[in-house]
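Each chain, letter by letter, is given below.
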Amino acid sequence: MTPTLKRAMKISFTDPYMYTGSVVFVKQDGPIKTLDDISDETKIAVLLGSTGQTDAKEAFPNSKFKTYKGGGPLLINAVLAGHVDAGVNDISSVKSQIGNFPPNSVRILEGQLSRSPLAFAVRYDSPDLLQWLNLFFLHIKLDGRLDKNLDYWVNSREWKKDH
């Protein structure tokens with residue numbers, strides 16, 4: 001979850017364990033080739049309440065937005081079905097989901113709309129759990145396990161063939 005100031009008013013967050021950001025993705029053979037091709041007439045799919053929704057509205061304030069409730073595959077489905085021209089979501093989510101669609105059907109446009117930390121949310125009444133998680137992440141960062149796991153589970157599709 002992205003630890004925003006607004007969310008931090010209701011819940012605690014661990015120290016960030018990785019950084020990500022919102023990206024724009026389109027149909028591979030669609031007319032949009034770069035971020036500069038997005039206009040006021042572009043219809044963009046976003047997830048309700050997501051950082052991607054905030055980033056998209058900031059980057060493309062005059063575009064038309066279609067908001068979806070649920071998971072990221074809904075956005076890719078909307079793009080491929082032609083309900084929208086583009087989608088905006090977290091790059092790690094998009095990369096992990098496009099493998100479930102026909103090869104070369106979705107293209108991520110070059111450039112990120114934002115750079116955001118990801119952290120675990122913890123209830124305010126659980127300071128011991130918060131400290132334990134922070135220490136756990138510190139240890140696995142120092143011994144290399146965090147990078148190894150992020151490379152396997154987030155930055156590649158290698159896990160797909162193992163599961």
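Now for a quick tour of the structure. (Residues numbered from 1 in each chain as written. Predicted model: local features only at pLDDT ≥ 70, side-chain atom pairs only at ≥ 80, totals over all residues. Heavy atoms only, no water.)

Before going further, it helps to examine the pairing of strand 5 (residues 64–68). Look at any regular strand and the pattern is simple: side chains alternate between the two faces of the sheet. Both strand 4 (residues 43–47) and strand 5 contribute to a ladder of five bridges, which runs parallel. Across the sheet, the residue bridging to A45 is K66, located in strand 5. Each parallel crossover has a hand, and the one from strand 4 via helix 2 (residues 51–59) to strand 5 is right-handed. (Pairing = 2+ DSSP bridges. Helix = DSSP H or I, 4+ residues; strand = E, 2+ residues; numbered from the N terminus. Right-handed = clockwise from strand over helix to strand, strands pointing away.)

Applying the stated criterion across every chain yields a total of four salt bridges. The shortest N-O distance in the salt bridge between D143 and R145 comes to 2.8 Å. For R145, a relative accessible area of 41% translates into the label partly exposed. Linking K161 and E158 is a salt bridge whose minimum nitrogen-to-oxygen distance equals 2.7 Å. Linking K161 with E158, this pair stays in helix 7 (residues 158–162), spanning three residues, or about one helical turn. (Salt bridge = Lys/Arg side-chain N within 4 Å of Asp/Glu carboxyl O. Buried < 20%, exposed > 50% of the residue type's maximum accessible area, 1.4 Å probe, protein only.)

Next up on the list: the sheet that holds strand 7 (residues 106–108). Spatially, 5-4-6-3-7 is the arrangement adopted by the five strands of the open sheet, whose pairing is mixed. The outermost strands of the open sheet, each flanked by one partner alone, are strand 5 and strand 7. Strand-to-strand twist of the sheet, defined as the mean angle between neighbouring strand axes without regard to direction, takes the value 30°. Note: strand 3 (residues 22–27) against strand 6 (residues 86–90), five bridges, orientation antiparallel. Note that in strand 6 the partner of S22 across the bridge is D90. Against the sheet, helix 2 engages strand 3, strand 4, strand 5 and strand 6, with an angle of about 150° to strand 4. Docked against the sheet, helix 3 (residues 73–81) engages strand 3, strand 4, strand 5, strand 6 and strand 7, running at close to 35° with respect to strand 3. (Axes fitted to C-alpha atoms, helices over the stretch in contact; angles between N-to-C directions. Contact = heavy atoms within 4.5 Å.)

Formed by 14 residues in total, the largest nonpolar core has its most connected members in F25, A45, Y68, L75, I76, A78 and V84. Among the secondary structure elements, those contributing two or more residues to this core are strand 3, strand 4, helix 3 and helix 4 (91–97). Of the residues forming this core, the biggest block, four residues, is contributed by helix 3. Sequence-distant contacts of A45, that is, excluding residues within four places in its chain, are made with K66, Y68, L75, A78, V84, A86, G87 and V88. Counting eleven residues, the second largest nonpolar core, distinct from the first, contains V26, I38, I44 and A56. (Core = buried A, V, L, I, M, F, W, Y, C linked by side-chain atoms within 4.5 Å.)

With that out of the way, let us pick up helix 2. Along helix 2, the residues classified as buried are T51, G52, Q53, D55 and A56. Close packing links the buried residues of helix 2 with helix 1 (5–8), strand 3, strand 4, strand 5, strand 6 and strand 8 (116–118).

This part covers the environment of R157. Locating R157 in the fold gives a position in the loop between helix 6 (145–153) and helix 7. With relative accessibility at 28%, the residue R157 sits in the partly exposed group.

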